[in-house]
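# Structural characterization, general
In case you want the letters, here they are:
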Protein chains: 2
Amino acid sequence: MPATLQFWFDFASTYSYLSAMRIQQAAAEKRVAVEWHPFLLGPIFAEQGWNNSPFNLYPAKGRYMWRDMERLCAARDLPFQQPKNFPQNSLQAARLALAIGSTNQRGAFVRAVYSAQFGAGQDISDLRVLAECLASSGVSQDVMEQIGSPQIKSALFEQVARAKALHIFGAPSFIAKDELFWGDDRLDDAISFVASI
Amino acid sequence: MPATLQFWFDFASTYSYLSAMRIQQAAAEKRVAVEWHPFLLGPIFAEQGWNNSPFNLYPAKGRYMWRDMERLCAARDLPFQQPKNFPQNSLQAARLALAIGSTNQRGAFVRAVYSAQFGAGQDISDLRVLAECLASSGVSQDVMEQIGSPQIKSALFEQVARAKALHIFGAPSFIAKDELFWGDDRLDDAISFVASI
């Protein structure tokens, strides 16, 4: 069994886009497996007293983040568009991702959702956009039926509780053993750490 | 005249320690000159509604930062100790740094102060500690006399005003042309950008 890195992300998180697009390949190069963990930052931010993204609450930081994303995406040849609304409602996308049992299919769907949002500027709270993401990532539309099921609702609730218990305070976050790594800037360190244990 | 990168730092900033200890050499390797810009984050944080370091205001983030610093310093063979008090009062250190006219001497003093604080856990609001930093970096003790002068007080005031005008919201920050780079994680990108223009 290969060593495993947990990748925790909120679909509304800009920097998670950067990690989502490269984690599968970067981890595979070091024989590390990826666990895809969608969660919601909203309840965690709320406990910090934030009712909005810190990038909206602190305009200088937000202004910088958009420019930083623009530069980083250009350097990585990743398409980038600032969506009209930010942060987008990521609830349905997170539920759908949890409803996809296959790790590879879930990864493909995650990449499709991030690409739709930050590559093409689409609205991922729109179920039609999510249906297209399922299709483009080769996942059956059947999972749509689970989007409102008690099982999936409670699975997402559990994810948020686990994130809090793991002391996660932002996204992307990476967990291996008891080590937390925060931010796309730490993805390579996190993979190296997993590969070394 | 070589291209120049502005390095903006608050002496109380942990991640600025990482940059302070490597910027001179990393920049020189790409024929980039460094301008050392001490400033104070306090007035900038106050405008964001913070009366303390965000690492104290948001405990999960603070807990992570100390572990992250520990890992990064270990990887770079940098000594690291968490000082008893955080953040330390960086006012006198910032004034002294501004009173040192020579760029090389100022850089040496900045490294000495960061090493005293985060390498040896010393209190940089203590003038005796700062006097030792002057000595170990080969700077005349005469600059101590300027620490309370109107010129130096107003020079630091000006630095904070410039930092705000440059949309700086944290430290370390790097400025070249109209580009802002934030965080030790962006130092290499900032140097490469300067070297390319």
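Figured I'd write up the structure that's included with this text. (Residues numbered from 1 in each chain as written. Chains lettered and ligands numbered in written order. Predicted model: local features only at pLDDT ≥ 70, side-chain atom pairs only at ≥ 80, totals over all residues. Heavy atoms only, no water.)

## Describing the overall build of chain A
Across its full length, chain A holds nine helices and four strands. Each helix (α) and strand (β) of chain A, taken in turn from the N terminus, gives the series β-α-β-α-α-α-α-α-α-α-β-β-α. For 197 residues, the compact-globule estimate of 2.2 N^0.38 gives 16 Å, and chain A sits close to it at 16 Å. Dimensions of chain A along its principal axes, counting C-alpha atoms only, are 40 × 40 × 35 Å. Looking at chain A residue by residue over its 197 residues, the buried ones come to 53%. Contacts in chain A between residues far apart in sequence, at least 24 positions, make up 72% of those at least 6 positions apart. When the accessible area of chain A is evaluated, it comes to approximately 8900 Å², of which 50% is carbon and sulfur surface. (Helix = DSSP H or I, 4+ residues; strand = E, 2+ residues; numbered from the N terminus. Rg over C-alpha atoms; globule rule 2.2 N^0.38 Å. Buried < 20%, exposed > 50% of the residue type's maximum accessible area, 1.4 Å probe, protein only. Contact = heavy atoms within 4.5 Å. Areas by Shrake-Rupley, 256 points an atom, 1.4 Å probe, with all protein chains shown as cover.)

## Digging into the relation of the copies chain A and chain B
Rotating chain A by 180 degrees and translating it 0.0 Å along the rotation axis places it on chain B, where the RMSD comes to 0.0 Å. Here the symmetry operator amounts to a two-fold rotation axis. By C-alpha distance to the rotation axis, the residue of chain A lying nearest is D185 of chain A, at 3.4 Å. (Least-squares fit on C-alpha atoms with pLDDT ≥ 70 in both.)

## Let's talk about the interface of chain A and chain B
It is common to give the size of an interface as the accessible area that goes away when the parts come together. Of the residues lining the interface, 21 residues belong to chain A; the matching set on chain B comes to 21 residues. Both faces considered, chain A and chain B share a buried interface measuring about 2100 Å² in area, 52% of it formed by carbon and sulfur atoms. Ranking the residues of chain A by area buried against chain B places Y58, Y64 and R186 of chain A at the top, with a combined share of 27%. Counting the contacts that link chain A with chain B gives eight salt bridges. (Buried area = accessible area lost by both parts, 1.4 Å probe. Salt bridge = Lys/Arg side-chain N within 4 Å of Asp/Glu carboxyl O.)

## As for the packing of helix α1 (residues 14–29) of chain A against helix α4 (residues 59–75) of chain A
Residues and elements named next belong to chain A. Following both chains from N to C, one finds α1 and α4 inclined at 20 degrees, their axes separated by 10 Å at the closest point. Considering the angle they form, α1 stands roughly parallel to α4. Like other packed secondary-structure pairs, α1 and α4 cross with a definite hand, here left-handed. Residues T14, Y15, Y17 and L18 of α1 lie in contact with α4, whose contacting residues are Y64, M65, W66, D68, M69, L72 and C73. Considered class by class, the residues forming the contact of α1 with α4 number nine nonpolar, one polar and one charged. (Axes fitted to C-alpha atoms, helices over the stretch in contact; angles between N-to-C directions. Parallel < 35°, antiparallel > 145°, perpendicular 65-115°, else oblique. Left-handed = near helix turned anticlockwise from the far one by under 90°. Nonpolar A, V, L, I, M, F, W, Y, C, P; charged D, E, K, R; others polar.)

## Some words on helix α9 (residues 187–196) of chain A
Residue and element names in this part refer to chain A. Every buried residue belonging to α9 is among L187, A190, I191 and V194, and all of these are buried. Around the axis of α9, the buried residues are gathered within 95 degrees of arc, so they sit on the same side. Buried residues along α9 sit against β1 (3–9), α1, β2 (32–38), β3 (173–176) and β4 (179–182). (Arc of directions from axis to C-beta.)

## Re the nonpolar core
Counting residues in each nonpolar core, the largest one holds 83 residues, and the members touching the most others are L5, F11 and F109 of chain A. If sequence neighbours within four positions are ignored, F11 of chain A has contacts with P38, S90, A93, A94, A97, F109, V110, V113, Y114, Q117, F118 and I124 of chain A. Core analysis: the second largest hydrophobic core is formed by 55 residues, F9, A116, V129 and V139 of chain B among them. (Core = buried A, V, L, I, M, F, W, Y, C linked by side-chain atoms within 4.5 Å.)

## Looking at unusual backbone geometry
Negative phi is the rule for most residues except glycine; trans is the rule for most peptide bonds. A cis amide bond, omega -5 degrees, links F86 of chain A with the succeeding residue P87 of chain A. Structurally, P87 of chain A can be placed in the loop between α4 and α5 (91–99). Across the junction of A171 of chain A and P172 of chain A, the peptide omega takes the value 0 degrees, indicating a cis bond. Here P172 of chain A shows up in the loop between α8 (150–165) and β3. Despite not being glycine, H167 of chain A has its phi angle at roughly 65 degrees, a positive value. Here H167 of chain A is to be found in the loop between α8 and β3. With a phi close to 55 degrees, D77 of chain B is a non-glycine residue in the positive phi region. The exposure class assigned to D77 of chain B is exposed, which follows from its relative accessible area of 72%.

## Some remarks on the pattern of salt bridges
Pairs can form between side chains of opposite charge once their charged atoms are near each other. Tallied over the entire structure, the rule returns 22 salt bridges over all chains. Linking R22 of chain A and D188 of chain A is a salt bridge whose minimum nitrogen-to-oxygen distance equals 3.4 Å. Taken together, the residues R22 of chain A in helix α1 and D188 of chain A in helix α9 connect sequence positions 166 residues apart. Given a relative accessible area of 42%, D188 of chain A falls into the partly exposed group. Bridged by salt links that share partners, the residues R67, D68, E70, R71 and D185 of chain A together with E179 and R186 of chain B form one connected network.

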